[in-house]
Amino acid sequence: AVHAMAPGAHVLFVGGADCLDESLIDAVNKIVDGNLAQIVSNSYGNLGETSEDAGLRQAWNDTFRQAALEGIGMYFSSGDSGDEVDNLGHAEAHFPASHPLVTAVGGTSLGVSSSDGYLFETGWGTTSSTLTDGAWDPAPPGNHIYGSGGGTSLFYAQPDYQKPVVPKKLAKAQDGKPARVVPDV
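Residues numbered from 1 in each chain as written. Predicted model: local features only at pLDDT ≥ 70, side-chain atom pairs only at ≥ 80, totals over all residues. Heavy atoms only, no water.

This next bit is on the overall build of the protein. Looking only at helices and strands, the protein features five helices and 11 strands. Across its three principal axes, the protein shows a C-alpha extent of roughly 60 × 45 × 40 Å. Looking at the 185 residues of the protein, the share that counts as buried comes to 33%. Within the protein, residue pairs in contact and separated by at least 24 positions form 57% of the contacts whose partners lie at least 6 positions apart. Carbon and sulfur atoms make up 56% of the accessible area of the protein, which totals about 11200 Å². With 9 positive and 22 negative side-chain charges, the protein shows a spacing of 14 Å between the two charge centroids. (Helix = DSSP H or I, 4+ residues; strand = E, 2+ residues; numbered from the N terminus. Buried < 20%, exposed > 50% of the residue type's maximum accessible area, 1.4 Å probe, protein only. Contact = heavy atoms within 4.5 Å. Areas by Shrake-Rupley, 256 points an atom, 1.4 Å probe, with all protein chains shown as cover. Lys, Arg positive; Asp, Glu negative; His and termini not counted. Charge placed at Lys NZ, Arg CZ, Asp CG, Glu CD.)

Attention now moves to the sheet that holds strand E2 (residues 73–77). Spatial strand order, E1-E2-E3: three strands in an open sheet with parallel pairing. Where the open sheet ends on each side, the last strands, each with one partner, are strand E1 (39–42) and strand E3 (103–105). Across this sheet, the average inter-strand angle for adjacent strands is 20°, counted without regard to direction. In this sheet, E3 lies alongside E2 in parallel orientation, the contact comprising three bridges. (Pairing = 2+ DSSP bridges. Axes fitted to C-alpha atoms, helices over the stretch in contact; angles between N-to-C directions.)

Our next topic: the nonpolar core. Core analysis: the largest hydrophobic core is formed by 21 residues, its most contacted members being Val32, Trp60, Phe64, Ile72, Met74 and Phe76. For this core, the secondary-structure elements that each account for two or more residues are helix H2 (21–34), helix H3 (54–70) and E2. Ranked by residues supplied to this core, first place goes to H2 with five residues. The contacts of phenylalanine 64, once residues within four sequence positions are left out, are Met74, Phe76, Pro96, His99, Leu101 and Val102. (Core = buried A, V, L, I, M, F, W, Y, C linked by side-chain atoms within 4.5 Å.)

We now examine the side chain of histidine 99. Considering the arrangement of structural elements, one finds histidine 99 in the loop between helix H4 (85–88) and E3. At 2.8 Å, the side chain of histidine 99 forms a polar contact with the side chain of asparagine 61. Those residues in contact with histidine 99 that sit more than four places away from it in its chain are Asn61, Phe64, Tyr156 and Arg180. (Polar contact = N/O pair within 3.5 Å; in protein donor to acceptor, adjacent residues only side chain to side chain.)

It is worth spelling out a nonpolar patch on the surface at this point. Taken together, Leu110, Val112 and Tyr118 make up a surface patch of nonpolar side chains, about 330 Å² in accessible area. Along the polypeptide, tyrosine 118 turns up in strand E5 (residues 118–123). (Patch = residues over 30% accessible without salt bridge, like charges linked within 9 Å, V, L, I, M, F, W, Y side chains within 5 Å. Salt bridge = Lys/Arg side-chain N within 4 Å of Asp/Glu carboxyl O.)

So, in structure tokens, the structure goes:
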């Protein structure tokens with residue numbers, strides 16, 4: 001996908017030994033420690049912030065701080081399960097996308113005109129309805145299955161860069177105190 005959008009880009013793939021946080025942190029640290037890239041793009045995350053162990057959250061924090069000091073941008077998927085209400089019973093942002101030193105990227109589709117003008121933008125999502133005897137059950141849009149993630153952090157205060165642009169209603173969605181909101185893009 002990167003080469004389709006930017007055919008001249010130099011892409012370096014660094015993978016973890018498995019999909020466990022420790023291996024993923026090691027892979028990202030290899031890039032950061034060696035200053036191997038200016039942009040690190042990751043399309044994974046946990047079910048929600050509360051599913052991340054505090055020690056691992058601190059290890060990620062250390063990596064993100066080092067990356068920021070070196071001028072390396074960290075970009076993470078905002079998740080694939082919407083606001084997690086269907087999975088957890090309550091709204092919860094995904095980690096590591098919710099970390100304030102990360103740019104959280106949500107999946108969207110952009111509609112453009114024949115002259116490359118902006119028409120519309122919509123978040124990715126998959127729903128399900130069944131057509132029986134000419135009627136949809138439930139009525140469209142149907143039951144939520146998957147969709148671009150997002151929400152208000154349970155752990156991180158609202159960063160200064162979000163204060164002028166994030167509506168107060170979103171920033172205060174969890175406990176009334178302004179918190180980090182994802183996605184950024």
